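Structural overview
The chain contents come next:
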Amino acid sequence: MNALSLADILAARRRIAGIAALDTPLVPSPFLSRIADSEVLLKLEFAQPTGAFKLRGAANAVALLPEGNAGVTCCSTGNHGRAIAYAAAGRGMRAVICMSSLVPQAKVEGIRALGAEVRIVGNSQDEAQAESERLAREEGLAEIPPFDALPVIAGQGTIGLELVEQRPDLETLLIPLSGGGLAGGIAFALKRLKPSIRIVGITMERGAAMHAALRAGRPVGITEVPSLADSLGGGIGLENRHTFALCRDCLDDVVLVSEEEIYRAMQAHYFEDRIVCEGASAVGAAALMAGKLGRVRGPVASIVTGRNVDMKVFTDIVNGRDVQLGDLVVKGTPYAA
Ligand SMILES: *Cc1c(COP(=O)(O)O)cnc(C)c1O
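Residues numbered from 1 in each chain as written. Predicted model: local features only at pLDDT ≥ 70, side-chain atom pairs only at ≥ 80, totals over all residues. Heavy atoms only, no water.

Some points on helix α13 (residues 311–318)
So the rule is basically this: Partly exposed describes any residue whose relative accessible area lies between the buried limit of under 20% and the exposed limit of over 50%, with all areas from a 1.4 Å probe on protein chains only and scaled to the type maximum. Helical segments are the DSSP runs of H or I of at least four residues, strand segments are the runs of E of at least two, and each set is numbered from the N terminus. Whether two residues are in contact is decided by their heavy atoms, any of which lying within 4.5 Å being enough. Side-chain atoms alone can form a polar contact between residues adjacent in sequence; in general such a contact is a pair of N or O atoms within 3.5 Å, and within protein one must be able to donate a hydrogen while the other accepts it.
The set of residues buried in α13 consists of F314, D316, I317 and V318. The inward-facing, buried residues of α13 contact α11 (259–271) and β11 (323–325). Its side-chain oxygen placed 3.0 Å from the backbone nitrogen of K312, D310 serves as the N-cap of α13. One or two steps after α13, the chain reaches G320, where phi turns positive at roughly 75°.

Listed below in structure tokens is the structure:
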């Protein structure tokens, strides 16, 4: 594979059946529907066995490795690592997961529990990346990147196939955006299956790498800072091969949300939709609640990408307490609709 095709995404769906959950529920959110003044649906990707959509791409990439492989490695802010660990365990393969010290402890433990080795290296995704590359070079492990690899992008794109089958009348899609494997794969599929759909990538104001790259017209370095949407942290790689071009060509807009907006959206998903989700998953709701999308044509779908949230932080948020993020304090307020 050196360019993505719809056939790759269809093949990925057959390959990952039985490993990742397919046809995850698409359920109405009466609360967000009132806010948006159109029907809003939530795609519940936290229903994956690993708690996040990343299992789709990881399962596809691991399934493509030859029999008798030395094992797999990756660097990850958490959910990709967990997915690789799960998919590798399913094939009886060794997995070594490299991550930066910014990753929450809950995520580190989740990955160890799946039987993988965890290596904590440095304070940025780039340092974790370098260690993963070294393991690939020196120990012959297959490196599976979190977003910028075609088998991963094709796996995430299977969500796009499901969305048009579940709701052929979908008009707007909100996708949490970080490295762009998710948004790139889904938008690629949907722009072929239903070109009229408006696809908006949503990310946090603090450290939005893909947004900065799209503005500059090329991948650029960014400073990583802690965010409630920790799964959206990290750069896109200065040597980005696929996801930058896919996002540039297939996304209609990119919208940024603040930490306060993410905080409020996590509360709303909890109190209104009865959903426990990560900050990264709440950015679609955050953009709708903040009125940042202008007039939206419905039906609208927002992808609730994962539930691997640090429960200390989560309970602070639902109880309206302040949350400290490095040098920033997100001021707490009790939830009121
Ligand atoms: C990885 C991740 C994203 C973003 O996906 P990209 O492919 O990096 O854009 C969104 N939400 C969650 C929960 C994630 O783990």
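After presenting the structure, the write-up continues.
Some details on the pattern of salt bridges
Here is the rule we go by: Think of a salt bridge as a Lys or Arg side-chain nitrogen and an Asp or Glu carboxyl oxygen that are within 4 Å of each other.
In this structure the tally under the stated criterion is 22 salt bridges. When the shortest N-O distance is used, the salt bridge between E45 and R56 registers 2.6 Å. Taken as a pair, E45 in the loop between β2 (40–44) and α3 (55–63) and R56 in helix α3 lie far apart in primary sequence, 11 residues in all. Comparing E45 with R56, the two get one shared label, buried. One salt bridge in this structure joins D249 and R248, with 3.0 Å as the shortest N-O distance. For D249, a relative accessible area of 55% translates into the label exposed. The exposure class assigned to R248 is partly exposed, which follows from its relative accessible area of 47%. Each of R94, E117, R119, E131, R134, E138 and E139 takes part in salt bridges that share partners, so that together they form one network.

Observations regarding unusual backbone geometry
In this structure, P299 follows G298 across a cis peptide bond, with omega equal to -5°. Following the sequence through the fold, P299 ends up in the loop between α12 (283–289) and β10 (300–304). Even without glycine at this site, D37 takes up a positive phi of about 60°. If you trace the backbone, D37 turns up in the loop between α2 (30–36) and β2. If you check the backbone angles, R274 has positive phi at about 60° while not being a glycine.

Examining the packing of helix α7 (residues 150–166) against helix α8 (residues 181–193)
Any two packed helices are characterised by how steeply their axes cross, that is the angle between the axes, and by the distance between the axes. In plain terms, the rule: Axes here refer to lines fitted to C-alpha atoms; in helices the fit is confined to the stretch in contact. Angles between the N-to-C directions go from 0 to 180 degrees. Our angle categories are set so that under 35 degrees counts as roughly parallel, over 145 as roughly antiparallel, 65 to 115 as roughly perpendicular, and the remainder as oblique. Two helices crossing with the near one rotated counterclockwise from the far one by less than a right angle form a left-handed crossing, whereas a clockwise rotation gives a right-handed crossing. Note on residue categories: nonpolar means Ala, Val, Leu, Ile, Met, Phe, Trp, Tyr, Cys or Pro, charged means Asp, Glu, Lys or Arg, and polar means any other residue, Gly included.
Interaxial distance between α7 and α8 falls to 7 Å at its minimum, and their mutual angle equals 45°. Taken together, α7 and α8 sit at an angle that is classed as oblique. α7 and α8 meet at a crossing whose hand is right-handed. Where α7 abuts α8, its residues I153, Q156, G157, I159, G160, L161 and V164 lie against G181, L182, G184, G185, I186, A189, L190 and L193. Classifying every residue of the contact of α7 with α8 by side-chain character gives 9 nonpolar, 6 polar and no charged.

A look at the sheet that holds strand β4 (residues 95–99)
Quick reminder of the rule: Each pair of strands is called paired provided DSSP finds at least two bridges between the two strands.
With parallel pairing, 4 strands are arranged side by side in an open sheet as β5-β4-β3-β6. Two strands lie at the open edges of the sheet, namely β5 (117–120) and β6 (142–143), each paired on one side alone. Summarising the sheet, strand β3 (residues 72–75) and β4 pair through 4 bridges and their orientation is parallel. For C75, the partnering residue across the bridge sits in β4 and is C98. Together, β3 and β4 form the strand contacts of helix α4 (residues 79–90), whose direction differs from that of β3 by roughly 170°.

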